[in-house]
Amino acid sequence: MDLSHPFAIAGITGLVAAAAFLIRWVAARRRLMEDARIEYAERCESKPATVRGVDAAAFERLYVAAYEPRWALYAAGTLLLAIAITPLAALGLVALWPVVVMGLDGGPWYDEGYYPWMFYMFFGFCLIWAACGALMARIHHARSPEGFVPALARARGEPFDDIVIPRKRPKWAVRAVPDPKNPGQRETGTEPANETN
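The paragraphs below set out a description of the structure included in this document. (Residues numbered from 1 in each chain as written. Predicted model: local features only at pLDDT ≥ 70, side-chain atom pairs only at ≥ 80, totals over all residues. Heavy atoms only, no water.)

As for the packing of aromatic side chains
For the coordinates displayed, the defined rule picks out twelve aromatic pairs. With a centroid separation of 5.9 Å and an interplanar angle of 80 degrees, the aromatic rings of Phe 21 and Trp 71 are classed as edge-to-face. Of the two residues, Phe 21 is situated in helix α1 (residues 6–46) and Trp 71 in helix α3 (residues 70–100); the sequence distance between them amounts to 50 residues. Take Trp 71: its relative accessible area is 44%, and that puts it in the partly exposed class. Ring geometry for Phe 59 versus Tyr 63: centroids 6.1 Å apart, planes at 25 degrees, classification stacked. (Phe/Tyr/Trp six-rings, centres within 6.5 Å; stacked < 30°, edge-to-face > 60°. Helix = DSSP H or I, 4+ residues; strand = E, 2+ residues; numbered from the N terminus. Buried < 20%, exposed > 50% of the residue type's maximum accessible area, 1.4 Å probe, protein only.)

This is how it looks when you write it as structure tokens:
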């Protein structure tokens, strides 16, 4: 294997970057586990009501899940997915090229190696790698954990879903009331909104 080939260099660079992201994630998790143990001990002494009914293992799990740098794990996964899919993407793009140029005049400038083909391959790879990033970002957001404070409240057994946070109406907001003559329409209150207050 020729290690001076651009794809080999890019693959090795991607693997090194993925390893760095994984090391960052593992190191942060270990540091957070230690922080969680210290935090739990301090809360047991100073604020025992905040950890009532929550054991040390559950507190550590909630703490680490809320504060770990998940982005580093998913960045490493994105790089590994892109590296794994690149050979298949290259084969697919090369196989699709004759179909793309089938309706064109068939001049020699559409052969592999010329500018139209290079343009097609470059943006084809960009699209495939962007799709890898989009897939991993979607998984990252779909699996995002709950914040630490609500998760700890749930672990204590508090009905966190029933809590309603009151919101004061802004002064500039116009109060909308149903129009008695037209039930489908709304009319504003009798006083106009003053947006300068």
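Next, the rest of the story.
Let's talk about the side chain of Glu 68
Turning to its location among the elements, Glu 68 is positioned in the loop between α2 (56–67) and α3. In this structure the side chain of Glu 68 is engaged in a polar contact, spanning 2.8 Å, whose partner is the side chain of Arg 29. (Polar contact = N/O pair within 3.5 Å; in protein donor to acceptor, adjacent residues only side chain to side chain.)

Here's the deal with helix α5 (residues 148–155)
Turning to α5, its buried residues are Phe 148, Pro 150, Ala 151, Leu 152 and Ala 153. Check the buried side of α5 and you find it contacts α1 and α2. Positive phi shows up at Gly 157, right after α5, with a value of about 95 degrees. (Contact = heavy atoms within 4.5 Å.)

Quick look at the pattern of salt bridges
Applying the stated criterion across every chain, the model contains six salt bridges. Here Arg 29 and Glu 68 are joined by a salt bridge, their closest N and O atoms 2.8 Å apart. Placement of Arg 29 in helix α1 and of Glu 68 in the loop between α2 and α3 is noted, with a sequence separation of 39 residues between them. The exposure class of Glu 68 is buried, given its relative accessible area of 16%. Two residues, Glu 39 and Arg 43, come together in a salt bridge whose shortest N-O distance is 2.8 Å. Of this pair, Glu 39 and Arg 43 both sit in helix α1, four residues apart, which is roughly one turn of that helix. By relative accessible area, Glu 39 is classed as partly exposed at 21%. (Salt bridge = Lys/Arg side-chain N within 4 Å of Asp/Glu carboxyl O.)

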